[in-house]
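Reading the structure
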Amino acid sequence: MENRFGEAIRVLGKMRDYGCPPDNITYNTILDGLCKKGRLNEARDLLLDMKNKGLFPNRTTFNILVVGCCRLGWLKEAANVIELMSKNNVVPDAWTYNVMISGFCKQGRVDEALRLREEMENLKLSPDVVTYNTLINGCFEHGSSEEGFKLIDEMEGRGMKPNSVTYNVMVKWFVKKGKMDEVDKTVRKMEESGCLPDIVTYNTLISWHCKAGKMDEAFRLMDEMGRKGLKMDNVTLNTMLRALCKERKLDEAHDLLCSARRRGYFVDEVSYGTLIIGYFKHEKASQALRLWDEMKEKEIIPSIITYNSMIAGLCQMGKTNQAIDKLDELLESGLVPDEITYNTIIHGYCHEGQVEKAFQFHNKMVEKNFKPDVVTCNTLLCGLCREGMLEKALKLFNTWISKGKDVDAVSYNTIILSLCKEKRFGEAFDLLAEMEEKKLGPDCYTYNAILGGLTDAGRMKDAEEFISKIAEKGKSEYQFLELGKRQDARTSEIPQEPHPNAIAYSNKINELCSQGRYKDAMKIFHESTQKNIILLKSTYIDLMDGLIKRRKSTSKGMLSS
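Attention here is on the structure that accompanies the text. Please read all numbers here as calculations on a predicted model, not as lab measurements.

This paragraph deals with the overall build of the protein chain. Across its full length, the protein chain holds 31 helices and zero strands. Out of the 561 residues belonging to the protein chain, those deemed buried represent 46%. Restricting to contacts in the protein chain with at least 6 residues of sequence separation, those with at least 24 account for 59%. Of the roughly 30100 Å² that the protein chain leaves accessible, carbon and sulfur atoms contribute 50%.

Listed below in structure tokens is the structure:
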């Protein structure tokens, strides 16, 4: 359906000339279309025109405006419309309030939604099943489950039977909490009450089994749906495809896609995009490209999200030039690239070591109104540092800050790591202080970069002082210790030229730390530094952890005495 609002409004203006003046229905039809598209300013103008023509807005008119405001999350404006209804002697109905209650619940403002229910009753408007279902769902999603169950009891006490929506809300909540026994009870109760499980019920259960890795059970439920005459929708299909791709069962995912298409089910671009991402993730670019061509042949139009997935996959495979072809295709189809599109390609060039190309592309896109963000900056900084262009990285970093643009911990960590590798510790510590001043960290990566740099440079005394300073500040809130250990085990656990006794000293210190004997561990540490022995990096992390714990326990002891 084409959105030819301008033409509709022109016809509206000519209707009087043909002796057929527009009525409320005419105006309401156009208002409804404008509100559904979020064009509320034009809707307001049309409402004013309606009044100028001597037509008074009726309840339908106001309800259309309330829906439009709520759809955009403009609840204050929606409340103003209800107030305007009263001024025009038009009484809001249950439908008006249900829309408002839904708007508040979607924003997590359940208390205000519950107050609206009370307001309804004060106006002698009886809440209906829709009112209760909306509030029950709001309570389970954002408020108190206890309040949600109370509302179910209240609804039944008023003679309103829970319907399939009510039961599905309960099933969804029990699934979310992992209470599968309660799920089974609720489904049985649903069937006993005459509300048969529907597509929503099955999709909720299938999604849970997929997340739990129980694919056999998910397929069993999907077959059960078919036997009960329920047709799988794109939610079912896409949930199953995502789960199969996650399990690396790409052939099964492809078979399911083909089977769904043959059986006449609705297969959308999300279905194709899910499998395309799966192929790229598991380095099967040729299958991904084949599927892309198949999708285009079947005239399934990719969205910007699908294009971004395709571009990201090609860039990850080192095929950034092919990704550029997809960008050109995207532009030709009339879609508008977003920050993700541009940042992905810039990252692709940097990943391939083609930093100059990344900058050329960046500059070209800026000319086309692309606004680089902190992700763009970090990607370019990382690319420059990886290629050993530290001076250019520093220049970009300082220029970015001087222009008042946002930087984050990643920006600082990228530069600090490269400075430490170059043994430029003075500049690294200056940036560390700047990070702290801006409250951007430091975090585990900052500490590991500096500590790693100091130990690799053989500056054991400085490393020891750095550990002590961190311990004095009690930086445990950053939780860098455990993360540091995991990162350490993955990268440079053993020095390139280990001292014959390095592992022995490290193991002894680690053992003492695990026993809480940090004082003894520090003695061994001092002994190792005097002999210029470079320990395993995880040992330094253990020592930092120990010093922080000891400092905390000492502080608690002083406070309690």
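With that settled, the discussion passes to the packing of helix α12 (residues 199-211) against helix α14 (residues 234-246). One way to put it is that α12 packs onto α14 with a least axis distance of 10 Å and a crossing angle of 5 degrees. Relative to α14, the element α12 is oriented roughly parallel. For the pair α12 and α14, contact is made by Ile 199, Asn 203, Ile 206, Ser 207 and Cys 210 and by Val 235, Thr 236, Thr 239, Met 240 and Ala 243, respectively. A breakdown of the residues in the contact of α12 with α14 according to their chemical character gives six nonpolar, four polar and no charged.

With that out of the way, let us pick up helix α25 (residues 425-437). Under the 1.5 Å per step criterion, the end-to-end length of α25 is 18 Å for 13 residues, consistent within 8% with the ideal 18 Å. Backbone geometry just downstream of α25 places Lys 439 in the positive-phi region, at approximately 55 degrees.

As a further point, take unusual backbone geometry. In this structure, Pro 442 follows Gly 441 across a cis peptide bond, with omega equal to 5 degrees. Note that Pro 442 resides in the loop between α25 and α26 (444-456). Phi is positive for Arg 248, close to 65 degrees, though the residue is something other than glycine. Among the structural elements, Arg 248 can be located in the loop between α14 and α15 (250-262).

On to the side chain of Thr 274. Note on placement: Thr 274 falls in helix α16 (residues 269-281). Beyond its immediate stretch of four places on either side in the chain, Thr 274 contacts Leu 241, Arg 242 and Cys 245.

With that settled, consider the pattern of salt bridges. Counted under the stated rule, the structure contains 19 salt bridges. A salt bridge links Arg 261 to Glu 294, with the nearest nitrogen and oxygen atoms 2.8 Å apart. You can see Arg 261 sitting in helix α15 and its partner Glu 294 sitting in helix α17 (residues 285-297), a full 33 residues away along the chain. For Lys 392, the salt bridge goes to Glu 356, with nearest N and O atoms at 3.3 Å.

On the surface, Asp 216, Asp 251, Glu 252 and Asp 255 cluster together into a negatively charged patch. A per-element tally of the negative patch places α15 first, with three residues. Secondary-structure assignment places Glu 252 in helix α15. When its relative accessible area of 37% is taken as the criterion, Glu 252 is described as partly exposed.

Quick look at the packing of aromatic side chains now. One pass over the full model with this rule turns up 12 aromatic pairs. On the numbers, 4.7 Å between centres and 50 degrees between planes, the contact of Tyr 342 with Phe 370 is tilted. Within this pair, whereas Tyr 342 is found in helix α20 (residues 339-351), its partner Phe 370 is found in the loop between α21 (355-367) and α22 (374-386), the two being separated by 28 residues in sequence. Residue Phe 370 is classed as buried on the basis of its relative accessible area of 4%. Seen in terms of ring centroids, Phe 429 and Phe 466 are 5.8 Å apart; in terms of plane orientation they differ by 70 degrees. Their pairing is edge-to-face. One end of the pair, Phe 429, is in helix α25; the other, Phe 466, is in helix α27 (residues 460-473), with 37 residues separating them in the sequence. Taken together, Phe 140, Phe 149, Trp 173 and Phe 174 form an aromatic cluster joined through their ring pairs.

Analysis parameters
Residues numbered from 1 in each chain as written. Predicted model: local features only at pLDDT ≥ 70, side-chain atom pairs only at ≥ 80, totals over all residues. Heavy atoms only, no water. Helix = DSSP H or I, 4+ residues; strand = E, 2+ residues; numbered from the N terminus. Buried < 20%, exposed > 50% of the residue type's maximum accessible area, 1.4 Å probe, protein only. Contact = heavy atoms within 4.5 Å. Areas by Shrake-Rupley, 256 points an atom, 1.4 Å probe, with all protein chains shown as cover. Axes fitted to C-alpha atoms, helices over the stretch in contact; angles between N-to-C directions. Parallel < 35°, antiparallel > 145°, perpendicular 65-115°, else oblique. Nonpolar A, V, L, I, M, F, W, Y, C, P; charged D, E, K, R; others polar. Expected span 1.5 Å × (residues − 1). Salt bridge = Lys/Arg side-chain N within 4 Å of Asp/Glu carboxyl O. Patch = residues over 30% accessible without salt bridge, like charges linked within 9 Å, V, L, I, M, F, W, Y side chains within 5 Å. Lys, Arg positive; Asp, Glu negative; His and termini not counted. Charge placed at Lys NZ, Arg CZ, Asp CG, Glu CD. Phe/Tyr/Trp six-rings, centres within 6.5 Å; stacked < 30°, edge-to-face > 60°.

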